[in-house]
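# A look at the structure
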Amino acid sequence: MLPTVVTSRSASQPFTLEDWWAHQPKVRAENAGRANCATVDVASVTAGMPVDSPEFEAAMADVGFGATVVCGPPPEEPDEGDENRSYRAGFELESFHCLRAVGDQWGSRDEIFWSVGARSDNDNGTVYTSPEFGKMEEGKTQPFPPGATIFSGPTSNAVVVNVLVWEVDGSPGAWYSAVKNAMRAWLDKPLWMDLLGIAMGFVPLPGNTLAVDIAIELAQLFVDIIGMIRNENDLSCERIIVFDRNALMSLYHRKNDTWTFNGDGWHSLRVKYIGDRPLFPAGAIDYVTVDSPTSAVSTPISLGWRSAAPPALCSAGGKLHCLYIRPRDHAVMWAVNSDGLWTRPVRVQSFPNSQYRPAMAVNVLGQLHAAIVDMNGQIVISTYSSRDDTWSETTPARNRLTDRAPALTTFPAFIYGPKLTLLNRQQNGSLGKSRRLDGVWMPEDGPASVNYWKTAHAPSIARFKDHLWLAWASEGGYLHIAYIENSLYANYHTVDAPHSVSFADGPALATHDDTLWLAVRGSAGKLHLHPRNQDGWDATNHKIVDVEAMLGEPTLASHAGQLYLAYRRP
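So, here is what we can say about the structure in this document. All values derive from a computational prediction rather than experimental measurement.

Looking now at the sheet that holds strand 37 (residues 555–559). One open sheet accounts for four strands, arranged 13-12-38-37; its pairing is antiparallel. The open sheet is flanked by strand 13 (301–307) and strand 37, the only strands paired with a single partner. The mean angle between the axes of side-by-side strands here comes to 30°, regardless of whether they run parallel or antiparallel. Sheet analysis places strand 12 (residues 283–291) next to strand 13, joined by four bridges and oriented antiparallel. Residue pairing across strands places Asp-286 opposite Ser-302, the latter belonging to strand 13.

As structure tokens, then:
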């Protein structure tokens, strides 16, 4: 059951955790060609795509088991700070549908039985065993009894579910106890959960499938163990499914999911999410500044406020405005820096609660505007009045729904003059750009459309040299840069990104001191600053800001002769 690299050692030479990590490159190379391993982008699931591809379902039929990791951007370390960021995650079985009946190896009964073990990073979880369901024929749908809860417990970063579907052929009662005991022992061993937590801290890049590699090894090992106690019952199929915090958030909104089990029989399992809204890490807001004359980067400055999302900064009327998300209730907070002094943060009463970084921009009249994503994903807009120091009631940007932070700027329209321009990731993963004309947000089509580009993270937008510049990161963290001129029949031009390394989050753009600046967060938490002049990227002035920046896109803003780079730290 164990590989010879383990069994060939003597009792005095244990196979250690360090040995296990050392063998991962070879294991991952072997798993690269296994179609029963799948890393699924939560964005595609949120957009309505199924969790399982036809290739994955076919591979399960060949080997009888599979492993799936459903994830968004990689999570950070467990939350730290004044508030407990744990929340209750929960799953309940609703029904299953028979697409192909099981065979009958032993010539007796053909009843279906489900066993499920599930746990989170914070809770050892439970073992659920279903009643036996009568002969399941093709096309039949069978509901589970009320209260078929497979997990309900405190969670921070991930939930792992191990589901087995059996063809029952008359095993004695002791067999069922053995199955439950085996699954209980599996749940009570925290080492593999720690390994998954480490793996999910990596960016899910092409070729970096560490989390699903670990999951498939767990599945294989459990299949081997179960085979030793199979008795007369046949294991039709097993799946291990891992959900990170982003995937749980998607389930919270979608409520239902369908998992396929294509083994001896072929069944689709309908599952309902019954947990609370997942809570994201809250980090302290820090920033550094880049001095224009010397290009020197300051030491980090902490604002002392904690935010559930990256902050937004914008210079308007000689003051630097900051918006961020208060962790305990997701209220949008606002503070202003005037002459080097910050005001006490206050909640903007007219803003909806949000879980994404807001965006701000100043229009041609000098008015400050903010774009907020409400808890349903709708982007709403508000205008700040310097006369009475208040924000207006919000108005929705028509048909602008998103699951990432938006971007906002002002750019001249060839005919209409300078107008607010909104860039966001649409729910299908593609970019969407709108311009406000006479108070109405109009999506841009034709040559100015950006809908054919896909982004995995929050995009960014800035005006530089009378061109509109866009930056975004596709799946795998690969940077893309494009710009469009201010002319009637202009098309987008793409330019090479300044860095070939992939990054964990979306980029940030800003114009400062006649230079376009690009900021990205590296996988190690370091921030990369890239300047671009008229001739191209200035590699000699590329800067690496060595800070422990948390998950989330950085923020850039030009103010009072300095470039501000804001981020969150644990």
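In this structure the tally under the stated criterion is 23 aromatic pairs. Here Trp-453 and Tyr-492 contribute two aromatic rings whose centre-to-centre distance is 5.5 Å and whose plane-to-plane angle is 75°, an arrangement assigned as edge-to-face. Taken together, the positions of Trp-453 in the loop between strand 27 (440–443) and strand 28 (460–464) and Tyr-492 in strand 31 (residues 492–495) put the pair 39 residues apart, joining distant regions of the chain. An aromatic cluster is built from Phe-91, Phe-243, Tyr-252, Trp-259 and Tyr-273, whose rings are joined through pairwise contacts. The cationic tip of Arg-239 hangs over the ring face of Phe-261; the distance from NZ or CZ to the ring centre is 5.9 Å. For Arg-532, the ring lying beneath its charged end belongs to Trp-537, and the centroid distance is 5.1 Å.

Side chains that are nonpolar tend, in soluble globular proteins, to be buried together. If you look at the biggest cluster of nonpolar residues, it comprises 42 residues, and the most contacted ones within it are Phe-91, Trp-114, Phe-243, Trp-259 and Leu-269. Per-element tally for this core: the top contributor is strand 3 (residues 87–100), with six residues. Beyond its immediate stretch of four places on either side in the chain, Leu-269 contacts Leu-93, Ser-95, Phe-96, Trp-114, Phe-144, Val-163, Asp-257, Thr-258, Trp-259 and Phe-261. In this structure, Cys-314, Val-348, Leu-368 and Tyr-384 belong to the second largest nonpolar core, which totals 19 residues.

By the criterion of burial, strand 32 (residues 508–512) is predominantly enclosed, with four of the five residues buried. Note that strand 32 and strand 33 (residues 515–521) share five bridges and pair antiparallel. Its bridge partner lying in strand 33, His-512 is registered against Thr-515. Connecting the antiparallel pair strand 32 and strand 33 is a turn made up of two residues, with Asp-513 showing a positive phi of about 55°.

With antiparallel pairing, four strands are arranged side by side in an open sheet as 28-29-30-31. Only two strands of the sheet have a single partner each, and these edge strands are strand 28 and strand 31. The average undirected angle you get between the axes of adjacent strands in this sheet is 25°. One ladder, built from four bridges, connects strand 30 (residues 478–485) with strand 31; its direction is antiparallel. Of the residues in strand 31, the one forming a bridge with Ile-481 is Val-495.

What follows concerns the pattern of salt bridges. Inspection of the entire model under this criterion finds 12 salt bridges. With its nearest N and O atoms 3.9 Å apart, the salt bridge here joins Arg-270 to Glu-94. Of this pair, Arg-270 sits in strand 11 (residues 266–273) while Glu-94 sits in strand 3, placing them 176 residues apart in sequence. Taking the relative accessible area as the measure of exposure, Arg-270 reaches 34% and is therefore partly exposed. According to the relative accessible area criterion, Glu-94 is partly exposed, its value standing at 28%. One salt bridge in this structure joins Asp-329 and Arg-347, with 3.9 Å as the shortest N-O distance. Of this pair, Asp-329 sits in the loop between strand 15 (319–325) and strand 16 (332–338) while Arg-347 sits in strand 18 (residues 346–347), and the two are 18 residues apart along the sequence. Through salt bridges with shared partners, a single network forms among Arg-326, Asp-329 and Arg-347.

Quick notes on the rules
- Residues numbered from 1 in each chain as written.
- Predicted model: local features only at pLDDT ≥ 70, side-chain atom pairs only at ≥ 80, totals over all residues.
- Heavy atoms only, no water.
- Pairing = 2+ DSSP bridges.
- Helix = DSSP H or I, 4+ residues; strand = E, 2+ residues; numbered from the N terminus.
- Axes fitted to C-alpha atoms, helices over the stretch in contact; angles between N-to-C directions.
- Phe/Tyr/Trp six-rings, centres within 6.5 Å; stacked < 30°, edge-to-face > 60°.
- Lys NZ or Arg CZ within 6 Å of the ring centre and 35° of its normal.
- Core = buried A, V, L, I, M, F, W, Y, C linked by side-chain atoms within 4.5 Å.
- Buried < 20%, exposed > 50% of the residue type's maximum accessible area, 1.4 Å probe, protein only.
- Contact = heavy atoms within 4.5 Å.
- Salt bridge = Lys/Arg side-chain N within 4 Å of Asp/Glu carboxyl O.

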